[in-house]
Amino acid sequence: MKRALFVLLCGVVVAPSALAKPGGAPPKKDDAAVGPPSKAITDDILDTIAEEMNRQFTQLEIPGAPKPYHIAYKVTEVDVNDVSASLGHATSKRNRHFVNLEARVRVGTPQFDNSNYVVPQADELDGVSAINLPLEATPRIARRATWLVTDAAYKEALMQLRAKMQARSAGGTRSTDVPSFSPLPGTPAPKDAKEPKGDRPAAPLPGGGRPVVSETPVLVVPLETLDEIEVRAKAISSVFRDQPAIRDSRVAITSYLERRWYLSTEGTAVTDTRRASGVVIAATGQADNGQALSQYFLRYGTTAKDLPTDDELKGESKKLIEAVGALAKAPLMDSNYTGPVLFEGEGAVGLIRASLAPHLGGTPVPEGLNPQEAKTFGGALTGKVGQPVLSTNISITDDPTAKTGGGKALIGGYKIDDEGVLSQRIEVIKDGILKTLLTSRTPSAKGQVSNGHARRTADGGAFHGSATNLFVTGKNGVPRAQLIQKLIAAAKARGLKYGLLIRRLDDAAITSAPEFSRRELVQMIKSTDQQLPPPAILAYRVYPNGKQELVRGVQLGEVPIQAWEDVLAVSKDITTYNFLAAPESQLQLRLTGGTDEGFVPSGGIESGIITPDLLLKRLDVVGTTAGERPVPIAPKPGK
Amino acid sequence: MRWTFPLGAVAALAVAAAACPGGGNGNGKLTGPVPPLSGGEIRVDLPAIPAKIDMSTSAPSEGHSPDKRSPILDILKAENEREMAALKKQKDPAYYLAYQLVEQRVVNLDAEGGALINDSDNVDRNLDVEVRVGTPELDNTRALAEDGNSLNAPLTRRGVVPFGDDKQALTNALWLETDRRYREAVIALGYVRQDQATLKNRHPVPDFSPSAPEVYVEAPATLKFDKQTWIDRLKRCSAKALKGQATRGTCGIVFQLNTVWLVNSEGSQIQLSWTSAQLSVSVGVKADDGMNLARLEQRFGRTPADLPSEADVDKMIASVNGDLDALHDAPLAEPYVGPAILEGRAAGVFFHEVFGHRIEGHRQKDTTGGQTFASYVGKDIAPEWLTVYDDPQIRTLNGVQLNGFYRFDDEAVRARRVSLIDKGKLVGFNMGRNPIKGFDKSNGHGRRSPGLPPVARQGNLVVEVQKSVPRTDLEKMLLEEVKRQKRPYGMIFTDISGGFTNTSAFAPQAFKVNPVMAYKLYADGKKELVRGIDISGTPLVALQSIRAASREVETFNGVCGAESGWVPVSASAPSLLIEKIEVEKGFIPPDRPPVLQPPSIRKEAP
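Given the structure is predicted, the values throughout are model-derived calculations rather than measurements.

1. Section: the overall build of chain B
Then, number 1: Looking only at helices and strands, chain B has eight helices and 22 strands in total.
Then, number 2: When each of the 606 residues of chain B is scored for burial, the buried share is 58%.
Then, number 3: Within chain B, contacts between residues at least 6 apart in sequence are counted, and of these 79% link residues at least 24 apart.
Then, number 4: Summed over all atoms, the accessible surface of chain B reaches about 23,500 Å², with 53% contributed by carbon and sulfur.

So this is what it looks like as structure tokens:
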């Protein structure tokens, strides 16, 4: 199956009480007003799908070909309200509501099956097939859809298996004794678990694994309405009116829920619901020499109550206007720099997103990928469990069960991952030593089992272990002011005139604008190094006297994992930051003009990062004039 | 260049396109230009009775309502003038600037097997800015001699623009997009000049034709419908459609409210507003050999109230179900060359594909195009009793609302009737503002869907005949022709789902259309439905093979896709007797039906 049009992945645990008051305090009365359960997926529909699953599992067979040994279904109901506005007026306002049934069929054996292999010239063959279901419960259609989608996935799985076997026998890909599919871990049943119904197998399975059965609908607070969102977006975007330094601006607000149901032939039968609301503000400008400038602000929470107030958002908008105006006059980073870099607040989050989080997954790169594509899967920590990989003052935990971090709501969590495995808090790195990686049921080592982090699909059809709510902690944190002194000292020690402070990295999903011609875009594809972190769009030279000078055109060189072995110091201050990790690369986003051409980014994997500021000992930084273009012939209207 | 013509079925595009990969089918039998028609092998005495055509038209200027003018027109005009004042003074001056702002509300409801499966109602706005830099004789739009990847073409994208009529918000969007497009045009012109400097044979025909300014304001239309009533109707419809052999039964509607504001630097100021409605009934099944079988019936109207009654929809359902069941049991056809009848709607589609796309003016200019008709102007290409024209001003033809009606095209030129074949002679082309030799003006056929540059497209294509016979006689003539050609049977095509025609000079100048309902007609009058075939051939030969036409005229309404996007069109024609048509085996996908039998529709007992 080609990647689905929507990439709203992973559920967050939003039991009514947790939703209303992150942190577990009793809900306020008005917060407890949860919405109704799904009209599309009812017990009847799930029974129907399960019945058809059983029929397929017991009868589906093409003579001479292996039968499925595992079938799993993921049913997703997505309901999204999105509004985008500019200069006080909506540019887009829409609801999207659909139900999708996805079948995933495995053929072969758990030791060697079709999965996680990219068929050359046919990457759509991945043993996965999807179809839309009606918006209201209709067993007749659900049964037929299950029949068709399972059949299609089975045929794909057979082709994929054949190609994978062929590739291995031809020596084209690695040969390994690592299994293709690990058994279900023997996790305890969740609190709301109940006995499985019907003819599904009772837990636990032979081998100790326990399928999760948790079928009580998780009800969430209804979406903010399109009209409510529109009023907010218009009001906030009005701040950008009459601002001569701003070229373009956009305020986008989203409110969505995603209900999920998982069924498998192992007996997994669970449901989960995720609910999130978010706001994105973006503004662009142009420096006197023509260089394009952009700034953005984003916040996500479980509902609009977790977002800043209108007044606060207007204040943030004004800060963006000031930043763009200041950047327009700021000097260009005109010389190369190698030395200490302090990542403060969002800057630290950006660094972790770009250079650390991609390496924490423990799922092997899909077989059959070329090396360039394989690099996008990270993998720098593969095979290093037990070894020192980070500075000894740094520890990292990934916790999808966390509802809050640093006192703020987190959106990166869920109850059950995409393979029906219960979420778990995982200590990934302890005092610089790699303890374990984030895993799915596609192991990278013999004996490795899932720790409930399957949440990112990729070519080849397997789920990959990925970060959820990533807690980075550092020892001996110091106040921010003191950390800046440490930056100055470190710069001095290297004989530098200044140290570099980064407060924000770009996010092409937010700031991309259609400023380039077709010819220029092709040029960018050819010449851009995809391994580079995004440009630093809020960076300062910090001089020994403490003066902070804003500079533009700052581009970090490649940040190797080894750079993390020298984290000189961290702050006491903690930044909690939710975001949606777009499945596309920064370059792809830049080329395609961001997510959805000006609509709200409600696609991507919910993620949270909780981190102190980070002072790294030595990084390469270059000045860049990228994004230069002539200033407009006609002045901005009203200027 | 290839086109698909799914005639209203956007979903069919993938099928049509997937079935014809690579462009061209290698069916070219001709090695040089075809000589003018000399009379043909057979002579048929046809009664000099024209086919029946009654039409109603509406001139572009009708309904002009200056008092309904939106302030948006003034905002577009002011910014256009401000920008032009600056841009025309540049080293690479802009000589033309057009703004087209389109607002579309699209209501889409689909039900399958009795359940609602899609429910959306969204409003979008799109801004298209066209900047021309250089001179009309040579500007940034001139095609490079070699630009296979269209790197010099404007980038296709959504032009984000706020709703409402706030001056600051709209003007900022106009300014941004003008800046982007001007810069893009200057870059493109640089390459054009470089290209021209090294070419031996330069094209003497200009890139752009000026046009008189038009001022027209249409009162805002309103879209009225009761959503729940339609949901209930579609549920009932799709429940009925999912029967017999069908494994898919879908009924859907698309209602649209369109408003367009168009301003250019020539002084045109146009405001248009209209609604449209479309209803479709679609069923499908996979044949035992893996072939995807589908039947689609669509109806179009200007408003939801124009769509068929529930009783009429029941007839559509019965028709698609009956056809599908018959197709499921029909044998595959073998290749065939011989006489055939194209029934009214199929004949309309045939003309749209085989003739209509080749008569789009700019194709005669494309240096990589076959320019099939460029050298045939004034020459006989069809029987002298046959006339073809395209007229977007026609609202109804024989009582049927035509889908290709419009007042002004997307280049601010008023819609005009253009004569294409007059008594068998090729006399004209559908023209946008891209001139060709001998045809230096637009006739109001520059069309696009939002976001794409406009090119010459069809509107309402009409095939008129001065001689005709009753439809029943056409079948008798077919059997006579079968006998004369010593064929075992003749063929009748009643429905064509779409197809493509290749105009690239790299490949044979061939067409291929996909008949859905094809019958063999035997000498004893027996009809046998067959499936799995395509009609192929070359356009000039096909036109010269027309031998007779029926008195009855039918209309096919649909939506046509080409390089400037999807545009509503119609094609009206009588049934035609073709002396020789070539039929080849169609594409059957390498698939197989589901391994297991369909599950019981009723819930199994526990």
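From this point, the narrative continues.
2. Comments concerning the packing of helix α2 (residues 71–87) of chain B against helix α3 (residues 167–198) of chain B
Residues and elements named next belong to chain B.
Then, number 1: Where α2 meets α3, the axes come as close as 10 Å, and the angle between the chain directions of the two elements is 40°. Classified by the angle their axes make, α2 and α3 are oblique. Remark: the crossing between α2 and α3 carries right-handed chirality. For the pair α2 and α3, contact is made by Ile 72, Ile 75, Leu 76, Glu 79, Arg 82, Glu 83 and Leu 87 and by Lys 167, Leu 170, Thr 171, Leu 174, Trp 175, Thr 178 and Tyr 182, respectively.

3. Structural notes on the interface of chain B and chain A
Then, number 1: Taken together, the 62 residues of chain B in the interface contact 57 residues of chain A.
Then, number 2: Here chain B packs against chain A, burying approximately 5,600 Å² in sum over the two surfaces, 54% of which is carbon and sulfur.
Then, number 3: Its largest share of buried area at the contact with chain A, chain B owes to Trp175(B), Arg183(B) and Leu596(B), together 12% of the area lost on that side.
Then, number 4: For the pair chain B and chain A, the number of links is eight salt bridges.
Then, number 5: Between Lys235(B) and Glu136(A) there is a salt bridge; the shortest N-O distance is 2.9 Å.
Then, number 6: If you look at where chain B meets chain A, you find 26 residue pairs in polar contact (both at pLDDT 80 or more).
Then, number 7: Counting residues per element, the side of chain B that touches chain A draws most heavily on α3(B), which supplies 13 residues.
Then, number 8: Its residues assigned to classes, the side of chain B that touches chain A shows 28 nonpolar, 14 polar and 20 charged.

4. Here we look at the pattern of salt bridges
Residues and elements named next belong to chain B.
Then, number 1: Summed over the entire model, instances satisfying the criterion amount to 76 salt bridges over all chains.
Then, number 2: Across the pair Arg 295 and Asp 323 runs a salt bridge whose closest N-O atoms are separated by 3.0 Å. Here Arg 295 is found in strand β7 (residues 292–301), whereas its partner Asp 323 is found in helix α5 (residues 310–329), with 28 residues between them in sequence.
Then, number 3: Here Arg 299 ties to Glu 297 by a salt bridge, and the two come within 2.9 Å at their closest N and O atoms.

5. Quick notes on the confidence of the model for chain A
Residue and element names in this part refer to chain A.
Then, number 1: The pLDDT averaged across chain A works out to 87; a share of 87% of its residues lies at or above 70.
Then, number 2: The least confident element of chain A, judged by mean pLDDT, is helix α1 (residues 16–20) at 29; the most confident is strand β20 (residues 548–551) at 98.
Then, number 3: Across residues 189–202 the pLDDT falls below 50, and counting only partners more than four positions away or on other chains, this stretch makes 25 contacts in the model.
Then, number 4: Low pLDDT, under 50, characterises residues 595–600; the predicted model gives this stretch 21 contacts beyond four residues in sequence or across chains.

6. What about the confidence of the model for chain B?
Residues and elements named next belong to chain B.
Then, number 1: Per-chain confidence: chain B averages 88 in pLDDT, with 90% of residues scoring 70 or above.
Then, number 2: Every residue in residues 1–41 is under pLDDT 50, and counting partners more than four places away or in other chains gives 101 contacts.
Then, number 3: Under a pLDDT of 50 for its full length, residues 602–606 has, in the predicted model, eight contacts with residues more than four places off or in other chains.
Then, number 4: Scoring of the predicted complex yields 0.88 for pTM and 0.87 for ipTM.

7. Brief notes about the environment of Ile317(B)
Then, number 1: The residue Ile317(B) is located in helix α5 in this model.
Then, number 2: Excluding anything up to four places from it in sequence, Ile317(B) contacts Cys237(B), Lys240(B), Ala241(B) and Val281(B).

8. As for the packing of helix α2 (residues 43–59) of chain A against helix α3 (residues 139–169) of chain A
Residues and elements named next belong to chain A.
Then, number 1: Look at α2 against α3: their axes get within 9 Å of each other, and the N-to-C directions meet at 35°. Remark: the crossing between α2 and α3 carries right-handed chirality. Between α2, through Asp 44, Ile 45, Thr 48, Ile 49, Glu 51, Glu 52, Met 53, Arg 55 and Gln 56, and α3, the contact on the second element is made entirely by Pro 139, Ala 142, Arg 143, Thr 146, Trp 147 and Thr 150.
Then, number 2: A per-class count over the contact of α2 with α3 returns six nonpolar, four polar and five charged.

9. Brief notes about the nonpolar core
Then, number 1: With 70 residues, the main nonpolar core has Phe351(B), Phe355(B), Ile381(B), Met491(B) and Phe493(B) as its most contacted residues.
Then, number 2: Look past the residues within four positions of Phe355(B) in its chain and what remains in contact with it is Phe350(B), Phe373(B), Ile381(B), Val388(B), Leu420(B), Ile421(B), Leu426(B) and Leu543(B).
Then, number 3: With 67 residues, the next largest nonpolar core counts Ile62(A), Leu223(B), Ala241(B) and Leu327(B) among its residues.

10. Structural notes on the pairing of strand β10 (residues 394–397) of chain B
All names here are of chain B.
Then, number 1: As defined by bridge partners, strand β1 (residues 55–57) adjoins β10 across three bridges and the pair is classed as antiparallel. Residue pairing in the sheet places Met 55 in a bridge with Leu 397 of β10.
Then, number 2: From the end of β10 to the start of strand β11 (residues 400–401), which pair antiparallel, there are two residues, and Asn 398 there has a positive phi angle of about 50°.

11. As for the state of the cysteines
Residue and element names in this part refer to chain B.
Then, number 1: Following the criterion strictly, the structure yields one disulfide over all chains and no others.
Then, number 2: In this model Cys 237 forms its disulfide with Cys 251; the gap between the sulfur atoms is 2.0 Å. Looking along the S-S bond of the Cys 237-Cys 251 disulfide, the torsion reads about -70°, which is the left-handed sense. Separated by 14 residues along the polypeptide, Cys 237 in helix α4 (residues 227–241) and Cys 251 in strand β5 (residues 248–264) bring together distant segments of the chain. Of the two residues, Cys 237 and Cys 251, neither departs from the other in class, the shared state being buried.

Procedures and definitions
- Residues numbered from 1 in each chain as written.
- Chains lettered and ligands numbered in written order.
- Predicted model: local features only at pLDDT ≥ 70, side-chain atom pairs only at ≥ 80, totals over all residues.
- Heavy atoms only, no water.
- Helix = DSSP H or I, 4+ residues; strand = E, 2+ residues; numbered from the N terminus.
- Buried < 20%, exposed > 50% of the residue type's maximum accessible area, 1.4 Å probe, protein only.
- Contact = heavy atoms within 4.5 Å.
- Areas by Shrake-Rupley, 256 points an atom, 1.4 Å probe, with all protein chains shown as cover.
- Axes fitted to C-alpha atoms, helices over the stretch in contact; angles between N-to-C directions.
- Parallel < 35°, antiparallel > 145°, perpendicular 65-115°, else oblique.
- Left-handed = near helix turned anticlockwise from the far one by under 90°.
- Buried area = accessible area lost by both parts, 1.4 Å probe.
- Salt bridge = Lys/Arg side-chain N within 4 Å of Asp/Glu carboxyl O.
- Polar contact = N/O pair within 3.5 Å; in protein donor to acceptor, adjacent residues only side chain to side chain.
- Nonpolar A, V, L, I, M, F, W, Y, C, P; charged D, E, K, R; others polar.
- pLDDT = per-residue confidence, 0-100.
- Core = buried A, V, L, I, M, F, W, Y, C linked by side-chain atoms within 4.5 Å.
- Pairing = 2+ DSSP bridges.
- Disulfide = S-S within 2.5 Å.

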